[in-house]
Amino acid sequence: MAVLDTLSKNRLITGFAMGIIVFCCILLGGLWLLSLLLVFIILASREYADILKNKGFLPFFKVILIVAVTMVIVSVSGHDNLIPLVVLTGTIGSFLAVLFRGRQPYIANVATTILGFLVAWMPCHICLIRNMGKSVSLFNGRLIFEEGLYYLIFIFFVILLTDIGAYYFGLNFGKHQLSPVISPKKTIEGAAAGSICAVLTGLLIGKLIGISFYHSLVLSVIVTVMAQLGDLSESLIKRDAGVKDSGHSLPGHGGFLDRADSYLFSVPAAYYYIKYFMLTDLTFPMISDFIERVKNVIFG
């Protein structure tokens, strides 16, 4: 029991410290956010490559690193339209690395290298959200930031309460395993409680920052579901590779991928919902356009 208490304490302290650092970098933006993402993506990419080596795969870390750093820089600078070019160049580089320096298994090494690009690309959506919307001025123009900061604060707290709710209720009341093979410690009760905590938090934060009830509800559900799916997906990779943690850098949490897995799917999903359904309100035009297309196919 003493060991469990120590682990829980370390997890709490590390999680709180990391949360403060991430939250401050999100607030400050600019070079602070750039530095945070660069540190995370470099270390997380290293962990990703090491995990897959346990499975016998040899992703090209240098290629992943070059592509990852380039993605962060173009995202922060507002040139995210160059991402497809970066991915294309990296994909070609992956094949060239296999052609001239590769070892078996060739196909798997190329595939896992390209998958590494996606692991790096998904956190870059933090920058894209941070720069969304119109500028907001406070304190007579002394503090200016983009509307996207509000959305990041919303996402940050929804994920935080997902993790806290799932951990606390799962630990104390969990009886039914959510995914026995992939992650035996996660429970259905914990997942449900985490989702409820996340939605209630989202509705509260949305009310405070001026997001409508409907969008707050939908965005909260998207973020909490994707956060838990990201957690399970990272567990799936670790389980298949036969490792318990992605690393040992963070006491009580393992590695950087372990700490940030909840953000991998949730932040990109939130970005595209905000972009296409909240800021441009394309919901009904998209539906009506789809209906018209179906009519044209059926009735000519």
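Below is a summary of the structure that appears in this document.

Criteria and thresholds
Residues numbered from 1 in each chain as written. Predicted model: local features only at pLDDT ≥ 70, side-chain atom pairs only at ≥ 80, totals over all residues. Heavy atoms only, no water. Phe/Tyr/Trp six-rings, centres within 6.5 Å; stacked < 30°, edge-to-face > 60°. Buried < 20%, exposed > 50% of the residue type's maximum accessible area, 1.4 Å probe, protein only. Lys NZ or Arg CZ within 6 Å of the ring centre and 35° of its normal. Core = buried A, V, L, I, M, F, W, Y, C linked by side-chain atoms within 4.5 Å. Helix = DSSP H or I, 4+ residues; strand = E, 2+ residues; numbered from the N terminus. Contact = heavy atoms within 4.5 Å. Disulfide = S-S within 2.5 Å. Expected span 1.5 Å × (residues − 1). Salt bridge = Lys/Arg side-chain N within 4 Å of Asp/Glu carboxyl O. Pairing = 2+ DSSP bridges. Patch = residues over 30% accessible without salt bridge, like charges linked within 9 Å, V, L, I, M, F, W, Y side chains within 5 Å. Areas by Shrake-Rupley, 256 points an atom, 1.4 Å probe, with all protein chains shown as cover. Axes fitted to C-alpha atoms, helices over the stretch in contact; angles between N-to-C directions. Parallel < 35°, antiparallel > 145°, perpendicular 65-115°, else oblique. Left-handed = near helix turned anticlockwise from the far one by under 90°. Nonpolar A, V, L, I, M, F, W, Y, C, P; charged D, E, K, R; others polar.

## Regarding the packing of aromatic side chains
For the structure on display, the rule yields eight aromatic pairs. The interplanar angle of 90 degrees and the centroid separation of 5.3 Å between the aromatic rings of Tyr168 and Phe169 together place this pair among those described as edge-to-face. Assessed through its relative accessible area of 46%, Tyr168 is described here as partly exposed. With a relative accessible area of 32%, Phe169 lands in the partly exposed category. Feature note: the residues Phe23, Phe156 and Phe157 constitute an aromatic cluster, connected by ring pairs. Against the face of Phe61 rests Arg46, its NZ or CZ located 4.0 Å from the ring centre.

## Thoughts on the nonpolar core
Counting 67 residues, the largest nonpolar core has Met71, Ile129, Ile155 and Leu219 as its most contacted members. With 11 residues, helix 10 (residues 256–279) is the largest single contributor of residues to this core. Residues contacting Met71, with those up to four places away along its chain left out, are Ile83, Val86, Val87, Phe117, Ala120, Trp121 and Cys124.

## What to know about the state of the cysteines
This model, assessed by the stated rule, comprises zero disulfides. Considering cysteine sulfurs only, Cys25 is the nearest to Cys24, which forms no disulfide, with 7.0 Å between them. Assessed through its relative accessible area of 38%, Cys24 is described here as partly exposed.

## Some thoughts on helix 9 (residues 213–241)
Because the α-helix completes a turn every 3.6 residues, residues three or four places apart line up on one side. Helix length check: helix 9, at 29 residues, gives a terminal C-alpha distance of 42 Å against a target of 42 Å (1.5 Å per residue), a fit within 8%. One or two residues past the end of helix 9 sits Gly242, with phi positive at roughly 80 degrees.

## A closer look at the side chain of Lys238
With respect to the helices and strands, Lys238 occurs in helix 9. Every residue in contact with Lys238, bar those within four places of it in the chain, is listed here: Ile51, Val243, Lys244, Asp245, Ser246 and Asp258.

## Notes on the pattern of salt bridges
Inspection of every chain in the model, using the stated rule, returns five salt bridges. Where Asp240 meets Lys55, a salt bridge forms, and the shortest distance between an N and an O atom there is 3.1 Å. One end of the pair, Asp240, is in helix 9; the other, Lys55, is in the loop between helix 2 (30–53) and helix 3 (61–76), with 185 residues separating them in the sequence. For Asp240, a relative accessible area of 48% gives the class partly exposed. Given the relative accessible area of 36%, Lys55 is considered partly exposed. Asp231 serves as the salt-bridge partner of Lys186, at 3.4 Å between the closest nitrogen and oxygen.

## Concerning the pairing of strand 4 (residues 183–187)
Sheet analysis places strand 3 (residues 177–179) next to strand 4, joined by two bridges and oriented antiparallel. Opposite Gln177, over in strand 4, you have Thr187 as the bridge partner. Where strand 3 hands over to strand 4, the hairpin turn is made up of three residues, counted between the paired strands.

## Digging into a nonpolar patch on the surface
A surface patch of nonpolar side chains, amounting to about 740 Å² of accessible area, comprises Leu82, Leu85, Leu88, Ile92, Leu96, Leu99 and Phe100. Checked against the element boundaries, Leu99 lands in helix 4 (residues 83–101).

## Remarks on the environment of Ala111
Its location among the elements puts Ala111 in helix 5 (residues 106–121). Judged by relative accessible area, Ala111 falls into the partly exposed class, the value being 43%. Each C-alpha atom of the pair Ala111 and Thr91 lies 9.2 Å from the other, and the pair is 20 residues apart in sequence.

## Some remarks on the packing of helix 7 (residues 148–173) against helix 10
As a packed pair, helix 7 and helix 10 sit with axes 10 Å apart at the nearest point and diverge in direction by 140 degrees. Classed by the angle they form, the pair helix 7 and helix 10 counts as oblique. At the point where helix 7 passes helix 10, the crossing takes the right-handed sense. Across the interface between the two elements, Tyr151, Ile155, Phe156, Ile159 and Asp163 from helix 7 touch Arg259, Ser262, Tyr263, Ser266, Val267, Ala270, Ile274, Met278 and Leu279 from helix 10. Looking at the contact of helix 7 with helix 10 residue by residue, the class counts come to 10 nonpolar, two polar and two charged.

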